Amino acid sequence: DVKVTQSSRYLVKRTGEKVFLECVQDMDHENMFWYRQDPGLGLRLIYFSYDVKMKEKGDIPEGYSVSREKKERFSLILESASTNQTSMYLCASSFGRATEAFFGQGTRLTVV
Amino acid sequence: GENVEQHPSTLSVQEGDSAVIKCTYSDSASNYFPWYKQELGKRPQLIIDIRSNVGEKKDQRIAVTLNKTAKHFSLHITETQPEDSAVYFCAASTTGYSTLTFGKGTMLLVSP
C-alpha cells in the first residue's frame, strides 16, 4: 500500500510563528502536492512539485512556501502564520500525469 | 485553468435508494476524472475513475458516466447503505499536467 504520512495530526500555533508541515511518501512518486481543505470550499491546491527541488504555485500560494530537497519529502512552510490560515492541510502524492493521488491523513492547524 | 463545479452540495437519501452526484468541467482538454470519498475524520480515497476514451465505468454498486460533449460527468451509487455516508469529491485533470482540480464536494447522508 502507498503510504503518505504527515508529521502532525493536530497543531496549534501563534500568530506570526513560522510553521513547518512535513509530508513523506514511500512509493517513489515523482509528484507531491499540498492542498488546503475548508468547509464548502473543497480541496484547493497550494503548491505542487513534480521533481526534487522543483515547485509550482497552485491556486492559493499566498502566504505559503514549500521545499522538496528529497524525492520522498515535501514540506509546507507558513512564513508568518495568520488566523486565516487555520485549516485542514492535506498532502498527496502521485506517479506520472493524470493519475490517482494518494492522500495523507491531514494536519489540522489552528492559528491563535 | 480548469474549473470543476459539483452539485448538489448535500444529498440525503433513504437506505436502498440511488444517489447521483453531478460535476461539470471547463477545460475540454481534461481527460481523467476521478471520484474520491472522504469519511468523517479520514483522508480522501479514490473510489472510481474514468478516462475520456470511455463513456461509462462500473464497480459493483458504483458507476461513473462521462459526457465529453457536454463536459459533465456523474457518480451513481445504487442500493445505498449507511456506510456510504461521506463527502464525495469529483476532480478533473489533463494529460499534460500532474494536478487534479477538485469540485467543492457533496455530503451524502444515507438514513437507515
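Residues numbered from 1 in each chain as written. Chains lettered and ligands numbered in written order. Predicted model: local features only at pLDDT ≥ 70, side-chain atom pairs only at ≥ 80, totals over all residues. Heavy atoms only, no water.

## Looking at the overall build of chain B
Looking only at helices and strands, one finds zero helices and eleven strands in chain B. In chain B, the succession of helices and strands from N to C terminus is β-β-β-β-β-β-β-β-β-β-β. Overall, the C-alpha framework of chain B stretches about 45 × 25 × 20 Å when taken along its three principal axes. Considering only residue pairs separated by 6 or more positions, chain B has 53% of its internal contacts joining residues 24 or more positions apart. Summed over all atoms, the accessible surface of chain B reaches about 5700 Å², with 48% contributed by carbon and sulfur. (Helix = DSSP H or I, 4+ residues; strand = E, 2+ residues; numbered from the N terminus. Contact = heavy atoms within 4.5 Å. Areas by Shrake-Rupley, 256 points an atom, 1.4 Å probe, with all protein chains shown as cover.)

## Regarding the interface of chain B and chain A
At the interface, 21 residues of chain B touch 23 residues of chain A. For chain B, the biggest contributors to the area lost against chain A are R43, S98 and F102 of chain B; these three give 32% of the whole. Counting the contacts that link chain B with chain A gives zero salt bridges. At the junction of chain B and chain A, the tally comes to eight residue pairs in polar contact (both at pLDDT 80 or more). Elements supplying a minimum of two residues to the side of chain B that touches chain A: β4 (30-38), β5 (45-51) and β9 (86-94) of chain B. In terms of residue count, the dominant contributor to the side of chain B that touches chain A is β4 of chain B (four residues). (Buried area = accessible area lost by both parts, 1.4 Å probe. Salt bridge = Lys/Arg side-chain N within 4 Å of Asp/Glu carboxyl O. Polar contact = N/O pair within 3.5 Å; in protein donor to acceptor, adjacent residues only side chain to side chain.)

## Here we look at the sheet that holds strand β3 (residues 19-25) of chain A
Residues and elements named next belong to chain A. Pairing is antiparallel across the open sheet formed by four strands, whose spatial order is β1-β3-β8-β7. A single partner strand is all that each edge strand has here, and the edge strands are β1 (4-6) and β7 (64-70). When the angles between neighbouring strand axes are averaged without regard to direction, this sheet yields 20 degrees. The sheet contact formed by β1 and β3 spans three bridges and is antiparallel. Looking at β3, one finds that T5 is bridged to V24. (Pairing = 2+ DSSP bridges. Axes fitted to C-alpha atoms, helices over the stretch in contact; angles between N-to-C directions.)

## Things to note about the state of the cysteines
Residues and elements named next belong to chain A. Under the criterion given, the structure shown has two disulfides over all chains. One disulfide bridge connects C23 with C91, the sulfur atoms lying 1.9 Å from each other. On the sign convention where negative is left-handed, the bridge of C23 and C91, at about -80 degrees about the S-S bond, is left-handed. Taken together, the residues span a long stretch of sequence, with C23 in strand β3 and C91 in strand β9 (residues 87-94) at a distance of 68 residues. (Disulfide = S-S within 2.5 Å.)

## Some words on the pairing of strand β4 (residues 31-38) of chain A
Residues and elements named next belong to chain A. Along β4, eight of the eight residues are buried, which leaves the element largely enclosed by surrounding structure. Here β4 shows two buried faces, one formed by N31, F33, Y35 and Q37 and the other by M32, W34, R36 and D38. Examined bridge by bridge, β4 and β9 share seven bridges and lie antiparallel to one another. Bridge pairing links W34 to C91 in β9. Across seven bridges, the pairing between β4 and strand β5 (residues 42-49) is antiparallel. Bridging from a neighbouring strand, R36 pairs with R44 of β5. Two successive antiparallel strands, β4 and β5, enclose a turn made up of three residues, where G40 displays a positive phi of approximately 80 degrees. (Buried < 20%, exposed > 50% of the residue type's maximum accessible area, 1.4 Å probe, protein only.)

## Topic: the pairing of strand β1 (residues 4-7) of chain B
Residues and elements named next belong to chain B. In β1, alternate side chains face the same way, and those of V4 and Q6 are buried while those of E5 and H7 on the opposite face are not. When β1 meets strand β3 (residues 19-25), the two strands line up antiparallel, connected through four bridges. The partner of E5 across the bridge, within β3, is T24.

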